[in-house]
Amino acid sequence: MKKIVCFMAIALLCNAFADDLKIAVGAGYKKPVVEVLKVYEEMTHSKIDAMYGNMAQIFAQAKQTEIALIIADKKFLEKQKELSFTNYQKIGDGIAVIAYTKGVRFDGIEDITKESIKTIAMPEAKKAIYGDAGMEFLHNAKLYDALKEKLLIVATVPQVSSYVSTHEVDVGIMNLTAALDSIDKIGGYIKIPQEYYTKIEIVSGSLKACEADKACQNFIAFLQTPKAKEIFTKYGL
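Residues numbered from 1 in each chain as written. Predicted model: local features only at pLDDT ≥ 70, side-chain atom pairs only at ≥ 80, totals over all residues. Heavy atoms only, no water.

**Quick look at the state of the cysteines**
Where we set the bar: In what follows, a disulfide is any cysteine sulfur pair within 2.5 Å. Only protein chains enter the accessibility calculation, which uses a 1.4 Å probe; a residue whose area is less than 20% of its type maximum is buried, one above 50% is exposed, and one in between is partly exposed.
Summed over all chains, the structure comprises one disulfide. The disulfide partner of Cys-210 is Cys-216, and the gap between their sulfur atoms is 2.0 Å. One disulfide, between Cys-210 and Cys-216, carries an S-S torsion of -100° and so falls in the left-handed class. The exposure class assigned to Cys-210 is buried, which follows from its relative accessible area of 0%.

Written as structure tokens, this is what we have:
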């Protein structure tokens, strides 16, 4: 009898988790979203199941599961063809930066060409918006040809941040959110002037599953509250 009751309890728990609101988040925004979710869940006692990854991973996952909401760059969401978004709600503007490791002297973006800068990490343009922004910057500033041999291309912004933090590379192109999150582990950062890359708008993109989902609509409303905005602002959005 005890085994049956135990089995039923586990089954109910699994069903409860199966009904959780599912969202996906660009890897570069994991830290602020984790904090936002913690506050939201404490306030509402609602559970949200979030996955984090680069855009390729997120799009693949969204095709296989009932993800209701994706938090990422609007341009990346708009240009993909296999998911239909019903609404976009702005969260903030993404800012691209050059972060440098401790011990490296870096006073301006032109310092990226110094001989002492041997390796430059950046995310892959096809998978992460800051890889795209980084490539735009290098080409628009006419630096790509001079620096292409120094580039280390990785999958996600967190990987770039990790390499800069551990001094595996001299500098890395990432977002301000990641730089602020690692500020005690890196030497500092320089903002890349907006003129060098397309404006980055971070949004919550609603998929069809969100339309009739009250939990999803409630979470979208929470993203516009002063508390949520305070957290996103703290992380450079």
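The structure having been displayed, the exposition proceeds.
**Looking at the environment of Phe-59**
Formally: Strands are runs of DSSP state E lasting at least two residues, helices are runs of H or I lasting at least four, and both sets are numbered from the N terminus onward. Pairs of residues are marked as contacts when any of their non-hydrogen atoms sit within 4.5 Å.
Its location among the elements puts Phe-59 in helix H3 (residues 55-64). Look at Phe-59 and you get buried, because its relative accessible area is 13%. Beyond its immediate sequence surroundings of up to four residues, Phe-59 is in contact with Phe-76, Leu-77, Gln-80 and Leu-83.

**Considerations on the sheet that holds strand S6 (residues 120-123)**
Where we set the bar: Pairing between strands requires that DSSP locate at least two bridges from one strand to the other. Angles shown run from 0 to 180 degrees and are taken between the N-to-C directions of axes, each axis being a line fitted to C-alpha atoms and, for helices, limited to the stretch in contact.
Read across the open sheet, the five strands follow the order S7-S6-S8-S5-S9; overall the sheet is mixed. Of all the strands in the sheet, just strand S7 (151-154) and strand S9 (188-191) have a single pairing partner and so form its edges. Direction aside, the axes of adjacent strands within the sheet are offset by 30° on average. Bridging between strand S5 (residues 96-100) and strand S8 (residues 171-175) involves five bridges; their strand directions are antiparallel. For Ala-96, the partnering residue across the bridge sits in S8 and is Asn-175. With respect to the sheet, helix H5 (residues 129-140) is in contact with S5, S6, S7 and S8, its orientation differing from that of S6 by roughly 130°.

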